[in-house]
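# Structural features, examined
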Amino acid sequence: MTSSLEHSPRAGARLSRRVSGIGSMRLAELMRLAAGIGAIDIALGIPPGEPPAEAVRAATGALTGGRNQYAPPEGLLALRETIAELARRHRGVTVDPATEVTITCGATEGVLNALLAVTDPGDEVVLFEPFYENYPGMIELAGAVARPVPLDGPGWRLDLEAVRAALTPRTRAVLLNTPHNPTGRAFDEDEVAGLLDLCARHDLVLITDEVYEGYVYDGRRHVSPLGRPGAAEHAIVVGSLSKSLQMSGWRLGYCLASPAFTAAVRRAHERTTVGAPGPLQVGAAAVDVAGLADDSAYFQRRRDHLVDRLGELGLTVARPEGGWFVLAAVDTLGRPSDLLAEELVRSAGVLVAPGTSFFTDPAGGRRWMRMTFVRDEGRTEEALDRLRNFLSGGHHDR
Ligand SMILES: Cc1ncc(COP(=O)(O)O)c(C=O)c1O
């Protein structure tokens, strides 16, 4: 079939600088290749479970019961109350659902709104490298400029001196993800409080992406800037029901911030998406967050299993403190991770994420490969068997 829109040689010349600078996601290209081959995906953090049954029931009831139109832009109050309960449970803080919570279309829109709320074109945003692969493009979309600061390897500690050294008169914000994708760090009190303090002293806004806040291991507690001195003036927190309630397709996330920041976030939100899908908000609001089982012990077991199996394959892996990913060093395997990832898709039928997606200069990520421990257990086991065969020079049956 020939599309009537196909012949468009001059459209490229009309693109904005804003989008032209955003590279296509390297991982997305591999995903297309993997889908064509039917490879097992242990690259992406797609939730393993189903959303809570009461959420599905309530959303279905809304869809079939006539609650199909716009919700209030800031989100249904009932869902904002649910999010306030989540903030109490995971962050130990009280937030006002009326003025301090905004429902967004996923954390993706939440981070973008936070950036739009506090940066002007040309302003600089410090982010930590390696980073969640979407951040540079989001900063660029906001018209701001990304200033990567490396996490201090091999423990991936947050180096406040390095942050200080990266500040310029144009710096407006610092973007931190904790627990961290891809390294698995759950930044500690010293790091988070120190960073908030630094932001307060330099009059910056700390935007924290805390989508994995419910997944911290070995008895740790999630550390958020929220509730600490200076947070009202200097912090915007972003979360996601994609991870917290395992409903990534519902595209529900949120921002938590002081009333002044919340008002600004809502202005951006009303001009980007207006609001998140109403019937799905009705569904999510039906979840009794206080009564939810804590499944971090299950995820911790899955983490340990993946770390142990990768260790048996001779890969060096730091045990993640939180989140859904393991970052393995692959320098013993004799080729850079981008080539290795492509070879793994083609020859072993396994999709992993090459570390090159998480660094401004892909060279920085060539010795790293990211895998998730949250996907289907049987398929993950099969992927690891294929990986073992591949590394021992064998073939696999697909
Ligand atoms: C660190 C981080 N932030 C944001 C997201 C996206 O969240 P959402 O589905 O709520 O847009 C992800 C998804 O993997 C993530 O890992």
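All figures in this text were calculated on a predicted structure; none of them were measured in a lab.

## Looking at unusual backbone geometry
- In this chain, T178 is followed by P179 through a cis amide linkage whose omega measures -10 degrees.
- Position of P179 relative to the elements: it lies in the loop between β5 (171-177) and α8 (189-201).
- Put simply, N181 and P182 share a cis peptide bond, and its omega is 20 degrees.
- Tracing the backbone shows P182 in the loop between β5 and α8.
- We note that W156 has phi near 55 degrees; this positive angle belongs to a residue other than glycine.
- Position of W156 among the secondary structure elements: in the loop between β4 (145-150) and α7 (160-166).
- Despite not being glycine, D218 has its phi angle at roughly 60 degrees, a positive value.
- Looking at the element boundaries, D218 is found in the loop between β6 (205-209) and α9 (231-234).

## Some points on the nonpolar core
- Core analysis: the biggest nonpolar cluster contains 92 residues, and F128, V163, I207, L310 and M371 have the highest contact counts within it.
- Split by domain, this core shows at least three residues from each of two domains, domain 1 (17-45 + 294-391) and domain 2 (53-291).
- With residues up to four places along the chain from it excluded, the contact list for V163 reads V126, F128, V149, L158, L195 and L198.
- Counting residues in each nonpolar core, the second largest holds 29 residues, with L79, L86, L245 and A284 among its members.

Quick notes on the rules
Residues numbered from 1 in each chain as written. Predicted model: local features only at pLDDT ≥ 70, side-chain atom pairs only at ≥ 80, totals over all residues. Heavy atoms only, no water. Helix = DSSP H or I, 4+ residues; strand = E, 2+ residues; numbered from the N terminus. Core = buried A, V, L, I, M, F, W, Y, C linked by side-chain atoms within 4.5 Å. Buried < 20%, exposed > 50% of the residue type's maximum accessible area, 1.4 Å probe, protein only. Domains from an automatic or database assignment. Contact = heavy atoms within 4.5 Å.

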